[in-house]
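# Notes for the structure review
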Amino acid sequence: MLPNKSLFLAVYFYIINYFHSYFLMSDKEIRVRFAPSPTGYLHIGGLRTALYNYLFAKNKKGKFILRIEDTDRNRYVEGAVENLISTLNWAGLQADEGPKYGGDYGPYLQSERLDIYNEHIKKLIDDGKSYYCFCTQERLTELREKQKKETIQTKYDKHCLKFSKEEIDNKLNNNIPFVIRLNVEPNKKILFNDIIRGEVTFNSDTIDDQILIKSDGFPTYHFANVVDDHLMKITHVIRGEEWISSTPKHVLLYDYFNWERPQFAHLPLLLNSDKSKLSKRQGDVAVEDYMQKGYLKNALINFIALLGWNAGDDKEYYTLDELTNAFSLEGVNKSGAVFNLEKLNWLNAEHLRNISNDEILIMLKDEISKSKYSNFNGTDEYLLLIIEAMKERVSFVKEYIEKCPYFFEPPSEYDEKVMKKRWKEDSPDLLKIFSQRIEQLVSPTKEGYERILKKLCEEKEIGLGRLIHPLRLALSGVGIGPGIFDLIFILGTEESLKRIDKALNQIK
RNA sequence: GGCGCGUUCGUCUAGUGGCUUAGGACGCCGCCCUCUCAAGGCGGAGAUCACGGGUUCAAAUCCCGUACGCGCUACCA
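These notes cover the structure that comes with them. Positions within a chain are numbered from 1, following the residues in the order the chain's sequence is written. Both sets of labels track the order of writing: A upward for chains, 1 upward for ligands. Thresholds applied to this predicted model are a pLDDT of at least 70 for local features of residues and 80 or more for the giving and counting of side-chain atom pairs; totals over whole chains, interfaces and linings are not thresholded and use all residues. Side-chain descriptors were evaluated using all non-hydrogen atoms of the structure, hydrogens and water having been removed beforehand.

### With respect to the pairing of strand 6 (residues 198-203)
Condition: For two strands to count as paired, DSSP must find a minimum of two bridges between them. A run of H or I in DSSP becomes a helix once it reaches four residues, and a run of E becomes a strand once it reaches two; helices and strands are each numbered from the N terminus.
With six bridges connecting them, strand 5 (residues 189-194) and strand 6 associate as antiparallel partners. Along strand 6, the bridge assignment pairs aspartate 194 with glycine 198. Here strand 5 folds back onto strand 6 in antiparallel fashion, the turn holding three residues.

### Remarks on the packing of helix 19 (residues 465-476) against helix 20 (residues 484-491)
The description of two packed helices rests on the angle between their axes and on the distance between the axes. Note the following rule: Where helices are involved, their axes are fitted lines through C-alpha atoms of the stretch in contact, as for all axes, and angles between N-to-C directions lie from 0 to 180°. In a left-handed crossing the near helix is turned counterclockwise from the far helix by less than a right angle, and in a right-handed crossing that turn is clockwise. Any pair of residues with heavy atoms lying within 4.5 Å of one another is described as a contacting pair. Ten residue types, Ala, Val, Leu, Ile, Met, Phe, Trp, Tyr, Cys and Pro, are classed as nonpolar, four, Asp, Glu, Lys and Arg, as charged, and the remainder, Gly among them, as polar.
Their axes nearest at 10 Å, the elements helix 19 and helix 20 cross at an angle of 35 degrees. The two elements helix 19 and helix 20 cross, and the hand of that crossing is left-handed. For the pair helix 19 and helix 20, the contacting residues are Ile468, Leu471, Arg472, Leu475 and Ser476 in the first and Ile484, Leu487, Ile488 and Leu491 in the second. Class assignment of the residues belonging to the contact of helix 19 with helix 20 gives a composition of seven nonpolar, one polar and one charged.

### Quick notes on the packing of aromatic side chains
Put simply, the test is: Pairing of aromatic side chains requires ring centres within 6.5 Å, counting the rings of Phe and Tyr and the six-membered ring of Trp. Pairs whose planes differ by under 30 degrees are stacked, by over 60 edge-to-face, and all others tilted. Relative accessibility under 20% of the residue-type maximum defines a buried residue, over 50% an exposed one, and the middle range a partly exposed one, all with a 1.4 Å probe and only protein chains included. A ring has a charge above it when a Lys NZ or an Arg CZ is no more than 6 Å from the ring centre and no more than 35 degrees off the ring normal.
Taken as a whole, this structure holds 22 aromatic pairs when the rule is applied. Taking the centre distance of 5.6 Å and the plane angle of 55 degrees together, the rings of tyrosine 290 and tyrosine 295 count as tilted. Pair check on accessibility: tyrosine 290 and tyrosine 295 agree, each one buried. Ring centres of tyrosine 373 and phenylalanine 408 lie 5.3 Å apart, and the angle between their planes is 15 degrees; this geometry places the pair in the stacked category. Taken together, the positions of tyrosine 373 in the loop between helix 13 (357-370) and helix 14 (380-390) and phenylalanine 408 in the loop between helix 15 (399-402) and helix 16 (416-422) put the pair 35 residues apart, joining distant regions of the chain. Grouping aromatic residues by their ring pairs yields a cluster made of Tyr290, Tyr295, Phe303, Phe339 and Phe396. Positioned above the aromatic ring of phenylalanine 134 is the side chain of lysine 171, whose terminal nitrogen or guanidinium carbon lies 5.7 Å from the ring centre. Directly above the ring of tyrosine 156 sits arginine 181, whose terminal nitrogen or CZ lies 3.8 Å from the centroid.

### Focus on the protein's contact with RNA strand B
Condition: Consider each residue's heavy atoms; a residue with any of them within 4 Å of a molecule or strand counts as near. We define a polar contact as two N or O atoms separated by no more than 3.5 Å, with the added condition that, inside protein, one atom must be a possible hydrogen donor and the other a possible acceptor, whereas residues neighbouring each other in sequence contribute only through side-chain atom pairs.
Around RNA strand B there are 59 residues in total, and Lys214, Glu392, Arg393, His469 and Gly481 lie nearest to it. Sugar and phosphate atoms form 72% of the subset of RNA strand B atoms that lie within 4 Å of the protein. Contact distances for RNA strand B include 2.6 Å between a sugar or linking oxygen and a side-chain N or O atom of arginine 197. Here a sugar or linking oxygen of RNA strand B sits 2.7 Å away from a polar atom, N or O, in the side chain of glutamate 316. Every element with two or more residues in the surface near RNA strand B is listed here: helix 5 (137-149), strand 6, strand 11 (337-338), helix 12 (341-353) and helix 19. Here the surface near RNA strand B is built from residues that sort into 18 nonpolar, 21 polar and 20 charged.

In structure tokens form, the structure reads like this:
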């Protein structure tokens, strides 16, 4: 008795689910962050990291936080923060907290949190977990070169760890420049669990006494990100794979502070077609580049979501909401994904077809204003007809212009191949008669044109193509495009007559 | 060099020990539809699951090794 069995199962799972969600709800709020540095533009890989963070947070009814890692003053670019925020917003990934948004855990610009870092580093120094280092740049490079020559691991030799309290105070008082380093205990096993990769193990011997505070008083990423993540109550650190190697340093810091570690999830890289890390040299990496090229945000989001994540089924077309519902970190792959433009283009076409004509109209008008037809003064109704006719034939909004310029200006030349193949001896005569007849149409409809054309072909005992092809050539100048009756209807009788006349004069 | 991570059709991927002669998608090719081009439908080529050993009655799936790729190895993030 199958129904009974499935009923039993349904009840069973309902109960399991109930308790499961009960425990989840009693859990603390999920908080994740996207923490880019303001280098001028948003990298497509950064957008994906932001997306996964966003999806994870929203799926768990948690918070998505934007934090700017601007502790490297050399890399700061004017206006980068605003640009980052607006690009993220364009993509639909609005942060719940962050610069410009505010929140209870601000400031969200690391450069405004210097006091916080100073306060925390003191504790570490007092505990002997970090120490002042007065080594000069010269000694450091010398040390490194020596180690390289001996082909041993390059790392700091704890030279400054030996100084007494008095010696340190003395140097400090004399304003000798210093940095503060992490005191890594030798020969300790450091392991952390990664949601995507499982257990990852390091030996502390392979970990350098990382600089935590630079000589300019700014913290390094490693220190700032741990302090901030803790203070901002970040529960899950979802970031790129390039951070795996420095995670033991972070883990050490959490332990030194006696703080609870967040969960880590290291995302696979986005790759060039040669499998190297996605770079500028081999194509566009800025999200703005894709915006400019006319990619729809929904398509871009859909595409990069699938680059490294899969729900475990065959679904490929997603809206942001659908992604939010389906997303889980368990569905994220381990290996890097090549950024394949062809699939992006296909997805763009798919999404474009699912947008209402009215919405496309708005985008099209914008596109026209930026094109050479900027002074086009056709009606919305006219453009809507074009949209309807071309919808299955375009992948980008701008192709509503590029693929059918004949809707915006008469053809100035005629495709030679088509001319050769389709323009027959009887073409001029047929077109002349056809012209005369459509001129009689009182209120032209597609069906009206169709009736006339079919009747004429019947009379002449020829196939429809015999007239359709030369007609298309005369009206559009090319051999491809929407159905001929759509074409002539959109153009209208008057314009069509002009174009046929012109073609008759120009095509021999 | 050291350390870490990875490896299923060209590309994105499904797969969590028997359901797999490895499934889907993009791209490519062919056919159908058809006034052209698309879209759509149908079909095809395309992966000895990196390689080599184990474990098991049974491995793409578990274990070990090797190769290759990538990442990190900064007072960058």
